[in-house]
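# Analysis of the macromolecular model
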Amino acid sequence: VLSGRVVLSDVGIRMGGVPLLHGVNGMIRVGADTVGLDSIRGSFAEGPFMVAGRFQRGSGALAVALRATPDLDALPRLGLTPAGSELAGDADLDVSVTGILGDPESMEVAGVAGVRGLQVGHDRVGVPLYVPAASFQLVEGELRWSELTLLAGEESLLTSGRWSAPLAGWLAGRAPRV
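Residues numbered from 1 in each chain as written. Predicted model: local features only at pLDDT ≥ 70, side-chain atom pairs only at ≥ 80, totals over all residues. Heavy atoms only, no water.

### Focus on the side chain of Ser43
- By the element assignment, Ser43 lies in strand E3 (residues 34-44).
- The contacts of Ser43, once residues within four sequence positions are left out, are Leu20, Leu21, His22, Pro48 and Phe49. (Helix = DSSP H or I, 4+ residues; strand = E, 2+ residues; numbered from the N terminus. Contact = heavy atoms within 4.5 Å.)

So this is what it looks like as structure tokens:
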């Protein structure tokens, strides 16, 4: 049985020469039946992040809390967006993820996410999309929003809605239901 701890001190990871994670500090504790992430902090996509949580060996139970403020402009440079797409703006995430690792249907995401100055472009869309500011709630397996203003080229659209099971759908390779 492996047990002990790994202390992270100013750790960094690069993708294509661009820093994905840097200045990462914290501790990973490995016990007989658990792996714990103790307040791991640093920079992800040029913005601060903090993650803490626990993974239970055997059962696969996972519980993770994440706070992050990534710079969305960095994601295309890191290769984390689809080819031919453009992304810019700021995001704030404060979410928790619980479930059984390897069982997409069990995964639950709860919390809030916000964007400011979100700009999205893709060759298939034909016009740039812009969201001045929006807040999303992740509740009971759904991503919900209310009175979100979306500018598509010259047209303005006010929308409210929900996206059912976004995490489980992505993990299982299913198309989204909006």
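### Quick word on the sheet that holds strand E6 (residues 85-100)
- As summarised here, the arrangement of the 10 strands in space is E1-E2-E3-E4-E5-E6-E7-E8-E9-E10, forming an open sheet in which the pairing is antiparallel. Lying at the two open borders of the sheet, with one neighbouring strand each, are strand E1 (4-15) and strand E10 (155-164). Geometrically, the sheet is characterised by an average inter-axis angle of 15 degrees between neighbouring strands, direction not taken into account.
- As judged from the 7 bridges shared by strand E2 (residues 18-30) and E3, these two strands associate in the antiparallel manner. Note that in E3 the partner of Leu21 across the bridge is Phe44. (Pairing = 2+ DSSP bridges. Axes fitted to C-alpha atoms, helices over the stretch in contact; angles between N-to-C directions.)

### Examining the nonpolar core
- In this structure, Val115, Val131, Ala134, Phe136 and Leu148 are the most contacted members of the largest nonpolar core, which totals 20 residues.
- Looking at this core, the elements that each hand over two or more residues are helix H1 (74-77), E6, strand E7 (108-122), strand E8 (129-139) and strand E9 (142-152).
- Core analysis: the next-biggest nonpolar cluster, separate from the first, contains 9 residues, Leu8, Ile40, Val51 and Leu62 among them. (Core = buried A, V, L, I, M, F, W, Y, C linked by side-chain atoms within 4.5 Å. Buried < 20%, exposed > 50% of the residue type's maximum accessible area, 1.4 Å probe, protein only.)

### Let's talk about the pattern of salt bridges
- Using the criterion set out here, one finds 6 salt bridges in the structure.
- Here Asp38 makes a salt bridge to Arg29, at a shortest N to O gap of 2.4 Å.
- By relative accessible area, which is 30% here, Asp38 ends up partly exposed.
- Relative accessible area serves as the criterion here: at 41%, Arg29 is assigned to the partly exposed category.
- Residue Arg162 pairs with Glu142 through a salt bridge whose shortest N-O separation is 2.9 Å. Of the two residues, Arg162 is situated in strand E10 and Glu142 in strand E9; the sequence distance between them amounts to 20 residues.
- The class of Glu142 is buried, set by a relative accessible area of 11%. (Salt bridge = Lys/Arg side-chain N within 4 Å of Asp/Glu carboxyl O.)

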